[in-house]
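One letter stands for each residue in the lines below.
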Amino acid sequence: MDIRIGQGYDVHVLQSGLPMWLGGVKILSDKGFVAHSDGDVAIHALCDALLGALALGDIGHHFPDTSDEWKGVDSKLLLSKVCALVAEKGYAVSNVDVTIALQAPKIGRYVPQMRECLASVMGIAVDRVSVKATTTERLGFVGRGEGCEVWAVALLTTL
Ligand code: MG
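These numbers come from a predicted model, not from an experiment.

### Some remarks on the pattern of salt bridges
Any two side chains of opposite charge can pair, given that their charged atoms come close.
Stage number 1. One pass over the structure, following the stated rule, counts four salt bridges.
Stage number 2. Residue aspartate 97 is joined to lysine 132 by a salt bridge in which the shortest nitrogen-to-oxygen separation is 2.7 Å. In this pair, aspartate 97 is assigned in strand E5 (residues 91-101) and lysine 132 in strand E6 (residues 129-134), connecting sequence segments 35 residues apart.
Stage number 3. Given the relative accessible area of 36%, lysine 132 is considered partly exposed.

This is how it looks when you write it as structure tokens:
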């Protein structure tokens, strides 16, 4: 059996009046993420972890932000396409772990919903999907409420 590990990282800028999507879930917030897609920075980091595990480049390579095809796209669609690519290469997602750093709003109560959503898109059990939310204690660009930072790791095994 072959085992692959990948990590992903993404940042998006927060701006007033935009919808906020995180982990496939709509978050009640007066700010959202500036992006070509729906701005779901958590899914973007997760996609990069999955792609990274198989050395398949990054999300920008597969879904360029210069393409109208991906303008305003639901990031869940990008995640399902990445998972299809993983399966096509003969791998299954064993587990993923996602850490979201956001100062406000507090998103802890959305975590169960995010886990359910990501597990369903990836076609794996919820207990294989970890989502963790943290602030940065008001330090740095996250702490000042200027953006959101996400780290993800993914473990893949051969089918
Ligand atoms: Mg992104």
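### Brief notes about the coordination of the magnesium ion
Octahedral metal centres with six donors ideally show angles of 90 or 180 degrees, and tetrahedral centres with four donors ideally show 109.5 degrees.
Stage number 1. Taken together, the protein donors to the magnesium ion comprise Asp10 (OD), His12 (NE2) and His44 (ND1), at separations of 2.1 to 2.3 Å.
Stage number 2. On the primary sequence, the residues serving as donors to the magnesium ion are separated as D-x1-H-x31-H. Residues aspartate 10 and histidine 12 agree in their burial class; the two are buried.

### Examining the nonpolar core
Stage number 1. Counting 50 residues, the largest nonpolar core has Leu22, Leu50, Ile100 and Met122 as its most contacted members.
Stage number 2. Secondary-structure elements contributing two or more residues to this core are strand E2 (20-22), strand E3 (25-27), helix H1 (41-53), helix H3 (75-88), E5, helix H4 (111-122), E6 and strand E7 (147-158).
Stage number 3. The contacts of isoleucine 100, once residues within four sequence positions are left out, are Leu22, Ala42, Ile107, Met114, Val131, Lys132, Ala133, Thr134, Cys148, Glu149 and Val150.

### Observations regarding the packing of H1 against H3
Stage number 1. Running from N to C, H1 and H3 cross one another at 10 degrees; their axes reach a closest spacing of 10 Å. Considering the angle they form, H1 stands roughly parallel to H3. Contacts from Ile43, His44, Leu46, Cys47, Leu50 and Leu51 in H1 reach Ser75, Lys76, Leu78, Leu79, Val82, Cys83, Leu85 and Val86 in H3.
Stage number 2. For the contact of H1 with H3, the residue count by class is eleven nonpolar, two polar and one charged.

### A few points about the environment of alanine 55
Stage number 1. Among the secondary structure elements, alanine 55 is positioned in the loop between H1 and helix H2 (59-62).
Stage number 2. Residue classification places alanine 55 among the exposed positions, given a relative accessible area of 67%.
Stage number 3. Residues alanine 55 and proline 105 lie 50 residues apart in sequence; the distance between their C-alpha atoms is 34 Å.

Conventions used here
- Residues numbered from 1 in each chain as written.
- Predicted model: local features only at pLDDT ≥ 70, side-chain atom pairs only at ≥ 80, totals over all residues.
- Heavy atoms only, no water.
- Salt bridge = Lys/Arg side-chain N within 4 Å of Asp/Glu carboxyl O.
- Helix = DSSP H or I, 4+ residues; strand = E, 2+ residues; numbered from the N terminus.
- Buried < 20%, exposed > 50% of the residue type's maximum accessible area, 1.4 Å probe, protein only.
- Donors = N, O, S within 2.8 Å, 3.2 Å for Na, K, Ca; no water.
- Core = buried A, V, L, I, M, F, W, Y, C linked by side-chain atoms within 4.5 Å.
- Contact = heavy atoms within 4.5 Å.
- Axes fitted to C-alpha atoms, helices over the stretch in contact; angles between N-to-C directions.
- Parallel < 35°, antiparallel > 145°, perpendicular 65-115°, else oblique.
- Nonpolar A, V, L, I, M, F, W, Y, C, P; charged D, E, K, R; others polar.

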